[in-house]
Each structure stands twice: as C-alpha cells, then as structure tokens.
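Commentary on secondary and tertiary structure
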Amino acid sequence: ARPKEGAARMVAVHEVIQDIVQVMSHQPLMAEIRLQTQLDAAHDRLWADADQLRQVFLNLLLNAADAIRTAGRPGDGRITIATVLADGPPSREEKWMTIRFQDNGEGIAPDQIENIFDPFYTTKDPGKGTGLGLAVSYMIIQKLGGTIAVQSRLGQGSTLAIHLPLRSSAVPADHTGGDDRDPL
C-alpha cells in the first residue's frame with residue numbers, strides 16, 4: 001500500500017490531467033458520463049513524480065465514475081476536473097494549486113467522510129475495492145507537502161480537492177501539522 005518512490009521533476013499538472021482524460025474517456029466505465037475540464041490555473045508546474053500524480057488523479061476519477069454508476073445515473077453523470085491558483089497558508093509565501101474532482105454521484109454519508117482516507121476502509125461491495133486507493137492518494141499528496149479535502153452530500157455528489165504548493169524544486173515542505181482534511 002506504500003506509494004513507490006519515483007523520480008520527482010517539474011511536472012505540468014494540466015498535461016497529466018489531459019492525458020488521463022484522454023485515456024479514460026474511451027473506457028467502458030466512462031460510457032455515458034460527461035467528463036469535462038476547467039483548467040484555469042495560470043501556472044501548473046510543480047515539483048512531483050508525474051506517475052504518482054497520475055495514480056492519484058486516476059483513483060479520484062475512477063471513484064467518481066463508480067459513485068455515478070452506483071447512483072444509477074450514468075446517462076446523466078458528470079465529472080468535472082478543475083484547477084485554480086490559490087494562496088497558501090499564511091505561514092508560507094508560495095502559491096498553491098487547487099485541483100478539484102467534482103461528480104454528481106451518490107455522495108458520501110457524513111459519518112463516513114472522516115474514514116475515507118483510512119487504509120482498507122471501503123463502502124464498496126466485497127470484491128469491488130480494497131480501500132487502499134484514497135489512503136495511498138492521501139499519502140502521495142501529503143508527501144508532496146499538500147492536502148486533500150472532501151465535501152459531499154448524499155444523493156448530490158462529492159468534491160475532492162487537492163491543494164499542492166507550486167514549488168520550483170524539492171524544497172522540503174514546512175508542514176505545520178493540523179488537520180489535513182479541513183473543508184474546502
């Protein structure tokens with residue numbers, strides 16, 4: 001369940017997103033689900049392992065598609081991947097990028113939200129998931145000095161937001177602690 005160590009380098013996040021959208025838009029799981037992007041961040045380059053970002057983005061996209069199918073609305077399903085620039089925490093001067101994965105799937109029950117990043121926690125039927133995807137994604141984003149947060153309403157869908165610092169090198173993150181699962 002531990003993310004593999006890769007080669008960090010400057011990565012264009014929009015290229016990674018577009019690559020995943022291109023590949024996934026032709027998959028049967030995405031049939032009848034409208035997948036759109038709003039890549040509005042003026043700067044999208046950060047220091048990361050592109051393969052690890054792909055793993056995180058793919059996991060969030062697959063979870064969104066599953067939630068839409070579980071809600072019984074693939075013909076009316078929507079997934080939007082959006083990016084914007086944001087200011088980081090007051091203690092840090094760098095700019096941050098927010099990457100949002102928003103779906104109109106079944107949503108997550110309020111009593112389950114605090115557990116979704118725990119290893120082996122899953123709401124899927126046996127044999128449909130291991131409960132490792134979000135846990136590994138959380139570790140990858142945390143390792144990059146970022147955070148991941150969720151907002152959800154039952155029957156209306158979910159938004160998972162990744163917040164990453166736009167560093168130009170492998171400068172260690174000054175992670176001040178606190179709850180990384182703060183609301184969006």
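Residues numbered from 1 in each chain as written. Predicted model: local features only at pLDDT ≥ 70, side-chain atom pairs only at ≥ 80, totals over all residues. Heavy atoms only, no water.

Details of the nonpolar core
Of all hydrophobic cores here, the largest spans 40 residues; its most connected members are Leu53, Phe57, Ile79, Ile99 and Ile162. Apart from residues lying up to four places away in sequence, Ile79 is in contact with Met30, Ile33, Arg34, Leu35, Gln36, Leu61, Ala64, Ala65, Ile68, Gln102 and Asp103. (Core = buried A, V, L, I, M, F, W, Y, C linked by side-chain atoms within 4.5 Å. Buried < 20%, exposed > 50% of the residue type's maximum accessible area, 1.4 Å probe, protein only. Contact = heavy atoms within 4.5 Å.)

Notes on helix H1 (residues 13-24)
For H1, spanning 12 residues, the distance from its first C-alpha to its last is 17 Å, which sits close to the expected 16 Å at 1.5 Å a residue. Taken as a whole, H1 has its buried residues at Val13, His14, Val16, Ile17, Ile20, Val21 and Met24. Here the buried residues of H1 occupy an arc of 160° about the axis, which is enough to place them on one side. Every exposed residue of H1 that faces more than 90 degrees away from the buried side is listed here: Glu15 and Gln22. Summarising the contacts, the buried residues of H1 are in contact with strand E1 (9-12), strand E2 (33-39), strand E3 (45-48), helix H2 (50-70), strand E4 (77-87) and strand E5 (95-103). (Helix = DSSP H or I, 4+ residues; strand = E, 2+ residues; numbered from the N terminus. Expected span 1.5 Å × (residues − 1). Arc of directions from axis to C-beta.)

Let's talk about the sheet that holds E4
With respect to topology, five strands assemble into an open sheet ordered E2-E4-E5-E7-E6, the strand pairing being mixed. Edge positions in the sheet fall to E2 and strand E6 (147-153), since each has one partner strand and no second. Sheet twist, expressed as the average angle between the axes of neighbouring strands with direction ignored, equals 15°. Where E5 meets strand E7 (residues 157-165), eight bridges bridge the pair, whose relative direction is antiparallel. Of the residues in E7, the one forming a bridge with Ile99 is Ile162. Against the sheet, H1 makes contact with E2, E4 and E5, and its axis sits at roughly 170° relative to E2, the strand it touches most. (Pairing = 2+ DSSP bridges. Axes fitted to C-alpha atoms, helices over the stretch in contact; angles between N-to-C directions.)

Quick word on the packing of aromatic side chains
Summed over the entire model, instances satisfying the criterion amount to one aromatic pair. Residues Phe57 and Phe101 carry aromatic rings whose centres are separated by 5.6 Å and whose planes lie at 40° to one another, so their mutual orientation is tilted. Here Phe101 lies in strand E5 and Phe57 lies in helix H2, a separation of 44 residues in the sequence. Phe101 shares its class with Phe57; the two are buried. (Phe/Tyr/Trp six-rings, centres within 6.5 Å; stacked < 30°, edge-to-face > 60°.)

Some thoughts on the pattern of salt bridges
Counted under the stated rule, the structure contains two salt bridges. Across the salt bridge formed by Asp19 and Arg54, the nearest N and O atoms sit 3.0 Å from each other. Here the residue Asp19 occupies a position in helix H1, and Arg54 occupies one in helix H2, the gap between them amounting to 35 residues. Among the residues examined, Asp19 registers a relative accessible area of 32% and is labelled partly exposed. Note on Arg54: relative accessible area 28%, which makes it partly exposed. (Salt bridge = Lys/Arg side-chain N within 4 Å of Asp/Glu carboxyl O.)

A word on the environment of Ala8
Relative to the assigned elements, Ala8 resides in the segment before E1. Judged by its relative accessible area of 39%, Ala8 falls in the partly exposed class. Between the C-alpha atom of Ala8 and that of Ala50, which follows or precedes it by 42 residues, the distance is 7.4 Å. Filtering out sequence-adjacent residues up to four positions away, Ala8 remains in contact with Trp47, Ala48 and Asp49.

Remarks on helix H4 (residues 133-143)
For H4, the complete set of buried residues consists of Leu134, Ala135, Val136, Ser137, Tyr138, Ile140 and Ile141. Lining the buried residues of H4 we find H2, E6 and E7.

Topic: the packing of H2 against H4
Packing of H2 against H4 brings their axes to within 9 Å, and their N-to-C directions diverge by 140°. Put simply, H2 runs oblique to H4. When you trace H2 past H4, the crossing you get is left-handed. In contact with Gln52, Gln55, Val56, Asn59, Leu60 and Asn63 of H2, H4 contributes Gly133, Leu134, Val136, Ser137, Ile140, Ile141 and Lys143. The class makeup of the residues in the contact of H2 with H4 is six nonpolar, six polar and one charged. (Parallel < 35°, antiparallel > 145°, perpendicular 65-115°, else oblique. Left-handed = near helix turned anticlockwise from the far one by under 90°. Nonpolar A, V, L, I, M, F, W, Y, C, P; charged D, E, K, R; others polar.)

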